[in-house]
Amino acid sequence: MEHWTESVKVEEQNLQEYLCQKQHTVVLQGAVQTLKHTLVPVPTTNGGDGYVHFGDMLTLRSACTRGLLQVDAAETTVSAGSTEAIGYGLSTGSVITSCPRTNLTVCRVDDNDRFGRDDRLHFDQLIRLGTHEGLHERPHYLFASGNSKDEEPQLCVCPRAASGSHWRLRPIRTQSDSRSPEEEDDRVKLGDSICLESVATGFELQSNTVVVMTSYGNEYKVFAAKGHIPGGQADRGRSFEWAFVDDRWSDQVIVAAKEKNGLEITNGGSVYKVDPVAMLKDPLYRAEAQLAHLDANGAGENRYAVLTRIYPILRHRDMHMIRRLRRMCAAADEQGTGVIRSHIFHGLLSWVCIRLTREEANQLQTLFGCDETGQLTEEGRDLINYHRFLRLMGASMSNFRLEAVKDAWKKLEDSAIAAMVDITHLQRLFRAEAFPKAQDGSMSLDEAREEFLRQWELDHPEGRITWDAFKQYYEDVSLAVEDDELFVELVRKSWKL
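What you see is a predicted model; the values in this text were computed from it and never measured.

> With reference to specific residues and values, describe the packing of helix H6 (residues 321-332) against helix H14 (residues 467-480).
Axis separation between H6 and H14 bottoms out at 7 Å; the angle between their running directions is 125°. What the angle tells us is that H6 and H14 run oblique. Mapping the contact onto sequence places Ile-322, Arg-323 and Arg-326 in H6 and Gln-472, Tyr-473, Asp-476, Leu-479 and Ala-480 in H14. Residue composition of the contact of H6 with H14, grouped by class: four nonpolar, one polar and three charged.

Right under this line is the structure:
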């Protein structure tokens, strides 16, 4: 029989994957409406001889993510430099079709450079990459900005044709490259493996499989770095490796996809056949199909819908709501095993204004039903493992958060005799003005201070507070504050660090 502490890690991963995919689908559904003009298909252009020409409108494919470089037309950034300018973020994605987000025009920086009147792009030749006219009214260029040669520059597209928009292409020779020295050609061909180096910073354009949230949902990170940065999967190529491709490449990929059998998804007694071509061409279709696939495999809405409703309520209603629920569950847990009766748990949720439907109650029982020892069982025996319920809200505090909590504890220890912290030290040093409800005016400072002090169980006759108790308090608060920066700011302001 599997112990819950072993299975919760898998459950946590499944839940996070579902929440991530759900958020991606919702965001993308909005983008399809509000940013529709950036997703319409547009053709690439090329001379037809296999070389990259100035004036060509092409796409740039990452060897690591196998997706195209694309612009976030809604997310603005500020490019640094001698003068500031508004720019737009970058990412790579899984869809392979050319659209205003992905279509780039190859521009020559200097018509009088050493390459003469040849309109074909050469390695080491300085270029700009301009965005499609359907994206912005003014031309925007791929831009790298930084204040020093050692500081990682910021990447974006912005309407500045300054030195930050200058890029130099370097060839990457692969094992499959069978050209002899006599056949070497310094002109860039479609599909050639290249790296793009920023002339102004010396950093290279890179992308890896780290997922970032953009205005179009979950996409892959684009950044600047020197040298090889691991992309996550060794078989997915190098993060600094790119290639110019046109519609002929995407057409070949689509033809190959047509020859494959689409994935069949069985859900609710119905069988859905996933269209492999639509998976490549339509980002929303792909997102919805992936969500349906999770659900069909028992890791989607049918399993986690109740948690996607309950967890946000617990987090956003009150900073101490999760802690109060934990303490009430512990009070009802006479054996201290982390297990209470299901009807008691439902009643405690009702106390915090969360009323369950019959279907939601069944979902909770499926996820957290257990025997008297906390072991998961299919029947559940009308028992709920509330430790598992709270654990699934989030992992332990990150090191970034934990360091702030340690700093606060050290200040308390330094103020105490022999580092013996008691409730009087909390009373004296806690700054109630940092309390969120005191800041929004819903509590007075005295009420905020009393609210904070009520969170502590004084089992020791001298009111002693241990590090474990202090850490447990902030672990509960950490579950309610999702943003790292906000959490650390809360801790530091609370103790005037």
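And the narrative resumes.
> So, the packing of aromatic side chains: which residues are in play, and what are the values?
Considering all chains together, one arrives at 16 aromatic pairs under this definition. On the basis of an interplanar angle of 80° and a centroid distance of 4.8 Å, the ring pair of Tyr-473 and Tyr-474 is categorised as edge-to-face. As far as the burial class goes, Tyr-473 and Tyr-474 line up, both buried. Where Tyr-474 meets Phe-487, the ring centres are 6.2 Å apart and the plane angle is 90°; that geometry is what we call edge-to-face. One end of the pair, Tyr-474, is in helix H14; the other, Phe-487, is in helix H15 (residues 484-494), and 13 residues separate them in sequence. Each member of the pair Tyr-474 and Phe-487 is classed as buried. A cation sits over an aromatic face here: Lys-221 above Phe-223, 5.4 Å from the ring centre. The ring of Trp-456 carries Arg-323 above its face, with NZ or CZ at 5.7 Å from the centroid.

> Could you give an account of unusual backbone geometry, naming the residues involved and the relevant values?
Excluding glycine, most residues fall at negative phi; most peptide bonds, likewise, are trans. One non-glycine residue, Asp-124, lies in the positive phi region at around 75°. Assignment of secondary structure puts Asp-124 in the loop between strand E4 (104-108) and strand E5 (126-131). A positive phi angle, close to 50°, is found at Lys-496, a residue other than glycine. Looking at the secondary structure, you find Lys-496 in the segment after H15.

> Account for the pattern of salt bridges, naming residues and giving values.
Should their charged atoms come close, side chains of opposite charge can pair. Summed over all chains, the structure comprises 23 salt bridges. In this structure, Asp-113 and Arg-108 form a salt bridge, with 2.5 Å as the shortest nitrogen-oxygen distance. For the pair Asp-113 and Arg-108, one class covers both residues: buried. Ionic pairing is found between Asp-318 and Arg-324, a salt bridge with its closest N-O pair at 2.8 Å. One network of salt bridges, in which partners are shared, links Asp-318, Arg-324, Lys-437, Glu-451 and Arg-454.

Quick notes on the rules
Residues numbered from 1 in each chain as written. Predicted model: local features only at pLDDT ≥ 70, side-chain atom pairs only at ≥ 80, totals over all residues. Heavy atoms only, no water. Axes fitted to C-alpha atoms, helices over the stretch in contact; angles between N-to-C directions. Helix = DSSP H or I, 4+ residues; strand = E, 2+ residues; numbered from the N terminus. Parallel < 35°, antiparallel > 145°, perpendicular 65-115°, else oblique. Contact = heavy atoms within 4.5 Å. Nonpolar A, V, L, I, M, F, W, Y, C, P; charged D, E, K, R; others polar. Phe/Tyr/Trp six-rings, centres within 6.5 Å; stacked < 30°, edge-to-face > 60°. Buried < 20%, exposed > 50% of the residue type's maximum accessible area, 1.4 Å probe, protein only. Lys NZ or Arg CZ within 6 Å of the ring centre and 35° of its normal. Salt bridge = Lys/Arg side-chain N within 4 Å of Asp/Glu carboxyl O.

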